[in-house]
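Coordinates in review
Now for the letters of each chain:
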Number of protein chains: 2
Amino acid sequence: MPIELTPSQALGLWHAVSLAQVRVDSRDLTLRQLAILLHIYLVPPPHTVRGLAATLGVTKPVITRALDTMGALGLVDRVRDDRDRRNVVIKRTVEGAIYLEKFGDLIIDQGRKQPK
Amino acid sequence: MPIELTPSQALGLWHAVSLAQVRVDSRDLTLRQLAILLHIYLVPPPHTVRGLAATLGVTKPVITRALDTMGALGLVDRVRDDRDRRNVVIKRTVEGAIYLEKFGDLIIDQGRKQPK
DNA sequence: GCAAAAAGAAACGCTTGCGTAACGATCCGC
DNA sequence: GCGGATCGTTACGCAAGCGTTTCTTTTTGC
């Protein structure tokens, strides 16, 4: 069952959520960081730096830096892969799950408030 | 008629749209910039620096800089208000309208592709 | 008129992100 | 084992964003 939106609803929803998020949270994640975070939490593991870079169509240092930032915020964690010690496996954290849960609630709330 | 979303749909939609936008567009607008842009195009004018700053809960220079950046990208325009020449009225542009139109289409497309 | 207030921009130092290129560590083929 | 490939990180110079403060222009109150 897909989500059917009118253009006005689509942009209205994005507007309301962006505005609410800007006002609520001083942590100003970039679009890329948010995309990475959502990908880690919504797509089955394992996740590697290389895989994420390919998925987003960006270079590896971009991923490394995003993980640095979000790691410092406690939203993700990194662990060496013992089966191939060149790899780093990106792990979810409790704090990250809570962050996205709140973000999801915000989307749902703003969706309910959309007119028409 | 509000938009009713499950948590999985809400985050899934955001995930898909963020990912698609990152891949499609190298212009990496911050969440704040996007919020400003959407506000200008979705809320009836006039829009001023001061008003936007209050709406987003940020300082005026943040708005000035965002308008500098998006102005350089052709997404918005600035015009002095002749009735009160201290004010600057923020104007929409054709290019900005096209940008948001494409963005809306992207949201609608990704909404249609959402499972469940 | 003229001081005070208001709006927006500019200046300042700082932080963070970028792309490219180089680097150590590890694995693989032979 | 050893040369080459692969993975993630680090280094570099640069651009852009931030908050605070200061400045310029314009309006307002008296």
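Structure's up top.
Here's a quick rundown of the structure. As the structure is a prediction and not an experimental result, all values here were calculated from the model.

1. Considering the protein's contact with DNA strand C
- The local shell around DNA strand C holds 20 residues, among which Arg32, Val62 and Arg85 of chain A together with Arg50 and Lys60 of chain B are the closest.
- Counting only atoms of DNA strand C within 4 Å of the protein, the fraction found in sugar and phosphate groups is 71%.
- Within the side chain of Gln33 of chain A, an N or O atom sits 3.0 Å from a phosphate oxygen of DNA strand C.
- Val88 of chain B is positioned such that a nitrogen or oxygen atom in its backbone is 3.4 Å from a phosphate oxygen of DNA strand C.
- Elements supplying a minimum of two residues to the surface near DNA strand C: helix H2 (31-42) and helix H4 (60-72) of chain A together with helix H3 (49-56) and helix H4 (60-72) of chain B.
- The element best represented in the surface near DNA strand C is H4 of chain A, accounting for four residues.

2. A look at the packing of helix H1 (residues 7-24) of chain A against helix H2 (residues 31-42) of chain B
- Running from N to C, H1 of chain A and H2 of chain B point in directions that differ by 130°, and their axes come no closer than 9 Å. On the basis of the axis angle, H1 of chain A is oblique to H2 of chain B. The handedness of the crossing between H1 of chain A and H2 of chain B comes out as left-handed. Packed against H1 of chain A, whose contacting residues are Leu11, Gly12, Trp14, His15, Ser18, Leu19, Gln21 and Val22 of chain A, the element H2 of chain B presents Leu31, Arg32, Leu34, Ala35, Leu38, His39 and Leu42 of chain B at the interface.
- Here the contact of H1 of chain A with H2 of chain B is built from residues that sort into nine nonpolar, five polar and one charged.

3. Topic: the protein's contact with DNA strand D
- Residues in close proximity to DNA strand D total 20 residues, the closest being Arg50 and Lys60 of chain A together with Arg32, Gln33 and Val62 of chain B.
- Expressed as a percentage, the sugar and phosphate content of the atoms of DNA strand D within 4 Å of the protein is 70%.
- Within the backbone of Val49 of chain A, an N or O atom sits 3.4 Å from a phosphate oxygen of DNA strand D.
- One of the side-chain nitrogen or oxygen atoms of Arg32 of chain B is found 2.8 Å away from a phosphate oxygen of DNA strand D.
- Put simply, the parts of the chain that give the surface near DNA strand D at least two residues each are helix H3 (49-56) and H4 of chain A together with H2 and H4 of chain B.
- Looking at the surface near DNA strand D element by element, the count peaks at four residues for H4 of chain B.
- Its residues assigned to classes, the surface near DNA strand D shows five nonpolar, six polar and nine charged.

4. Thoughts on the pattern of salt bridges
- Tallying each qualifying case throughout the model produces ten salt bridges over all chains.
- With a shortest N-O distance of 3.2 Å, Arg112 of chain A and Glu4 of chain B are connected by a salt bridge. With Arg112 of chain A in helix H5 (residues 94-113) and Glu4 of chain B in the segment before helix H1 (7-24), this pair bridges two chains.
- For Arg112 of chain A, a relative accessible area of 44% gives the class partly exposed.

5. Some details on the relation of the copies chain A and chain B
- Superposing chain A onto chain B takes a rotation of 180° combined with a translation of 0.0 Å along the rotation axis, leaving an RMSD of 0.1 Å. In symmetry terms, the pair is related by a two-fold rotation axis. When C-alpha positions in chain A are compared against the rotation axis, the closest is assigned to Thr30 of chain A, at 2.8 Å.
- Here 100% of the interface residues in chain A have copies in chain B that are interface residues too; the copies meet face to matching face.

6. Some thoughts on the interface of chain A and chain B
- Each side of the interface is counted separately: chain A has 43 residues, and chain B has 43 residues.
- Summing both partners gives a buried area of about 4,200 Å² for chain A against chain B, and 74% of it is carried by carbon and sulfur.
- Sorting the residues of chain A by area buried against chain B places Ile3, Leu11 and Trp14 of chain A first, and these three jointly supply 20% of that buried surface.
- On inspection of chain A and its partner chain B, the count reaches two salt bridges.
- The tally of links between chain A and chain B comes to six residue pairs in polar contact (both at pLDDT 80 or more).
- Those elements giving two or more residues to the side of chain A that touches chain B turn out to be H1, H2, H3 and H5 of chain A.
- Examining the composition of the side of chain A that touches chain B, we find that 14 residues originate from one element, H1 of chain A, more than from any other.
- When grouped by side-chain class, the residues that make up the side of chain A that touches chain B number 25 nonpolar, twelve polar and six charged.

7. Here we look at the nonpolar core
- If you look at the biggest cluster of nonpolar residues, it comprises 74 residues, and the most contacted ones within it are Leu37 of chain A together with Leu37 of chain B.
- Residues within four places of Leu37 of chain A in sequence aside, it is in contact with Leu29, Met70, Leu75, Val76, Tyr99 and Leu100 of chain A.

Conventions adopted
- Residues numbered from 1 in each chain as written.
- Chains lettered and ligands numbered in written order.
- Predicted model: local features only at pLDDT ≥ 70, side-chain atom pairs only at ≥ 80, totals over all residues.
- Heavy atoms only, no water.
- Near = heavy atom within 4 Å.
- Polar contact = N/O pair within 3.5 Å; in protein donor to acceptor, adjacent residues only side chain to side chain.
- Helix = DSSP H or I, 4+ residues; strand = E, 2+ residues; numbered from the N terminus.
- Axes fitted to C-alpha atoms, helices over the stretch in contact; angles between N-to-C directions.
- Parallel < 35°, antiparallel > 145°, perpendicular 65-115°, else oblique.
- Left-handed = near helix turned anticlockwise from the far one by under 90°.
- Contact = heavy atoms within 4.5 Å.
- Nonpolar A, V, L, I, M, F, W, Y, C, P; charged D, E, K, R; others polar.
- Salt bridge = Lys/Arg side-chain N within 4 Å of Asp/Glu carboxyl O.
- Buried < 20%, exposed > 50% of the residue type's maximum accessible area, 1.4 Å probe, protein only.
- Least-squares fit on C-alpha atoms with pLDDT ≥ 70 in both.
- Buried area = accessible area lost by both parts, 1.4 Å probe.
- Core = buried A, V, L, I, M, F, W, Y, C linked by side-chain atoms within 4.5 Å.

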